[in-house]
Amino acid sequence: MTRLEDVEILLVEDNPNDVELTIRALQKQNLASKVFVVRDGAEALDFIFATGTYAARNIENRPKVILLDLKLPKVDGIEVLRRIKADDRTKHTPVVMLTSSQEERDVMDTYSLGVNSYIVKPVDFSNFVHAVSELGIYWGFLNKLPY
Amino acid sequence: MEKEQQQADILLVEDNPNDAELTQRALRKTDIGVHLALARDGAEALEYLLGGQHKPRVIFLDLKLPKIDGIEVLRRVRADDRTRSIPVVVLTSSQEERDITECYKLGVNSYVVKPVEFEKFYKAVGDLAIYWLILNKSPL
């Protein structure tokens, strides 16, 4: 389990299969040890804002990227995104939607809220692994953060 | 401005002819058939986007540019309803904290420092194009 203060990739995903596949893909880039998984939008907000069960976490230790599903229990992905981008302490953390939705409305809404990138989960197993692996390289190594 | 018949996938805003040439070569190498529009300064870029009403799928933006600098281009792109959702990746040699912070404040999608080494630069441009044109879904 990744130490709470060392998290580089926060994965917000309720589907256990997708969690498993995502972690396996990130292992290839040696990023799996830096991933932390939360399974609904409320837990994501607690982690990100260091509240509730994550109150002991230092909010200043920001992940390099948040991979965010849209359809989530309790609080949906759009609302999680809205809160991240509305708060000065968290708005600069890159957020990538990783979702099965191809709806133009979801794409438009998330870009309007300031999402950094929107990726449709490939249906095919090997394409999914490949996409996550590219994602990991991009946000883990290529992108430069302001913190 | 190099006019393109087809709507461009990428608007590259770059005044250094060597970097522009290298970027174009790296894009050709990716085999994804990229349509590129090149703007050589910030004024050309804004004219292309706001005057010409073009909507590329991604903008690769240098920071130090003649006439209007990259930060100001980013600010105006984000301030205009027609362009505010277009993904913008700053591609620059600047590693200055001030530039990085300012770009994120203005809502840049990603900030990439140009690798100095030729081979690495070449690879980074290819990776960038694949990420933003194949993997990422841009708003219509």
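Anything mentioned here points back to the structure above.
Treat the numbers as computed from the prediction; the structure is a model and nothing was measured.

Cut-offs used in this document
Residues numbered from 1 in each chain as written. Chains lettered and ligands numbered in written order. Predicted model: local features only at pLDDT ≥ 70, side-chain atom pairs only at ≥ 80, totals over all residues. Heavy atoms only, no water. Helix = DSSP H or I, 4+ residues; strand = E, 2+ residues; numbered from the N terminus. Rg over C-alpha atoms; globule rule 2.2 N^0.38 Å. Buried < 20%, exposed > 50% of the residue type's maximum accessible area, 1.4 Å probe, protein only. Contact = heavy atoms within 4.5 Å. Areas by Shrake-Rupley, 256 points an atom, 1.4 Å probe, with all protein chains shown as cover. Lys, Arg positive; Asp, Glu negative; His and termini not counted. Charge placed at Lys NZ, Arg CZ, Asp CG, Glu CD. Phe/Tyr/Trp six-rings, centres within 6.5 Å; stacked < 30°, edge-to-face > 60°. 1 Å grid on protein atoms, 1.4 Å probe; cavity = no way out; pocket = protein on both sides within 12 Å on 5 of 7 lines; lining within 4 Å. Points joined across faces, edges and corners; volume = space filled by probe spheres on them. Nonpolar A, V, L, I, M, F, W, Y, C, P; charged D, E, K, R; others polar. Pairing = 2+ DSSP bridges. Axes fitted to C-alpha atoms, helices over the stretch in contact; angles between N-to-C directions. Parallel < 35°, antiparallel > 145°, perpendicular 65-115°, else oblique. Left-handed = near helix turned anticlockwise from the far one by under 90°. Buried area = accessible area lost by both parts, 1.4 Å probe. Salt bridge = Lys/Arg side-chain N within 4 Å of Asp/Glu carboxyl O. Polar contact = N/O pair within 3.5 Å; in protein donor to acceptor, adjacent residues only side chain to side chain.

Enquirer: Hey, could you run me through the overall build of chain A in this one?
Expert: In terms of helices and strands, chain A carries five helices and five strands. Along its sequence from the N terminus, chain A presents helices and strands in the succession β-α-β-α-β-α-β-α-β-α. For a compact globule of 147 residues, the expected C-alpha radius of gyration is about 15 Å, and chain A comes in at 14 Å, within 12% of that figure. Overall, chain A is about 40 × 35 × 30 Å in size when its C-alpha atoms are taken along their principal axes. Expressed as a percentage of its 147 residues, the buried residues of chain A come to 55%. When contacts within chain A are restricted to residue pairs at least 6 apart in sequence, long-range pairs at least 24 apart make up 66% of them. Accessible area for chain A stands at about 6,600 Å²; split by element, carbon and sulfur atoms hold 48% of it. In chain A, 18 positive and 22 negative side-chain charges are present, and the distance between their average locations comes to 5 Å.

Enquirer: What exactly am I supposed to notice about the packing of aromatic side chains here?
Expert: How two aromatic rings sit relative to each other is set out by the distance from centre to centre and by the angle between their planes. Evaluated as defined, the whole model comprises 10 aromatic pairs over all chains. Both rings, one in Phe 47 of chain A and one in Tyr 54 of chain A, keep their centres 5.4 Å apart while their planes meet at 70 degrees; by these two values the pair is edge-to-face. Judged by relative accessible area, which is 0%, Phe 47 of chain A ranks as buried. The interplanar angle of 80 degrees and the centroid separation of 5.9 Å between the aromatic rings of Tyr 138 of chain A and Trp 132 of chain B together place this pair among those described as edge-to-face.

Enquirer: Just to check I follow, could you spell out the layout of surface pockets for this structure?
Expert: In this approach, a probe sized like a water molecule rolls over the atoms, and the result shows the empty space that is left. Computed from the structure, the largest pocket encloses a volume of approximately 370 Å³. Leu 113 and Gly 114 of chain A together with Arg 78, Leu 106 and Gly 107 of chain B are, among the 19 residues lining the largest pocket, the residues nearest its centre. Counting residues per element, the ones that place at least two in the lining of the largest pocket are helix H4 (104-112) of chain A together with helix H4 (97-105) of chain B. Counted by class, the lining of the largest pocket contains seven nonpolar, seven polar and five charged residues.

Enquirer: When you look at empty space enclosed by the protein in this model, what are you seeing that I'm missing?
Expert: Residues and elements named next belong to chain A. Summed over all chains, the structure comprises one cavity of 30 Å³ or more. Each pocket or cavity is described by its volume, and for the largest cavity that value is around 40 Å³. Lining the largest cavity, in full, are Ile 48, Arg 57, Ile 59, Arg 62, Pro 63, Ile 66, Thr 90 and Thr 93.

Enquirer: I would appreciate a short explanation of the sheet that holds strand E4 (residues 88-92) of chain B in the present structure.
Expert: Think of a sheet as strands paired side by side through backbone hydrogen bonds, with each pair either parallel or antiparallel. All names here are of chain B. Pairing within the open sheet is parallel, and its five strands lie in the order E2-E1-E3-E4-E5. Strands at the two margins of the open sheet, each flanked by one partner only, are strand E2 (36-39) and strand E5 (110-113). Averaged over all adjacent pairs, the angle separating strand axes in this sheet is 20 degrees, with direction ignored. Judged from the four bridges that link them, E4 and E5 form a sheet pairing that is parallel.

Enquirer: What am I meant to see in the packing of helix H5 (residues 125-142) of chain A against helix H5 (residues 118-135) of chain B here?
Expert: For any two helices packed against each other, the geometry is given by the interaxial angle and the distance between the axes. Between H5 of chain A and H5 of chain B, whose axes approach to 11 Å, the crossing angle comes to 125 degrees. The angle between H5 of chain A and H5 of chain B places the two elements in the oblique class. By crossing handedness, the relation of H5 of chain A to H5 of chain B is classed as left-handed. Packed against H5 of chain A, whose contacting residues are Ala 131, Glu 134, Leu 135, Tyr 138, Trp 139 and Leu 142 of chain A, the element H5 of chain B presents Ala 124, Asp 127, Leu 128, Ile 130, Tyr 131, Trp 132 and Leu 135 of chain B at the interface. Looking at the contact of H5 of chain A with H5 of chain B residue by residue, the class counts come to 11 nonpolar, no polar and two charged.

Enquirer: Is there a simple way to think about the interface of chain A and chain B in this case?
Expert: You'll often see interface size given as the accessible area lost when the parts meet. With 24 residues of chain A at the contact, the number on the chain B side is 27 residues. In total, about 2,200 Å² of surface goes out of reach between chain A and chain B, with carbon and sulfur atoms giving 58% of it. Broken down residue by residue, the surface that chain A buries against chain B is led by Tyr 111, Tyr 138 and Lys 144 of chain A, which jointly contribute 29%. For the pair chain A and chain B, the interface holds one salt bridge. Linking Lys 137 of chain B and Glu 104 of chain A is a salt bridge whose minimum nitrogen-to-oxygen distance equals 3.7 Å. Where chain A touches chain B, the interface holds 16 residue pairs in polar contact (both at pLDDT 80 or more). Breaking the side of chain A that touches chain B down by element, the ones donating at least two residues are H4, strand E5 (117-120) and H5 of chain A.

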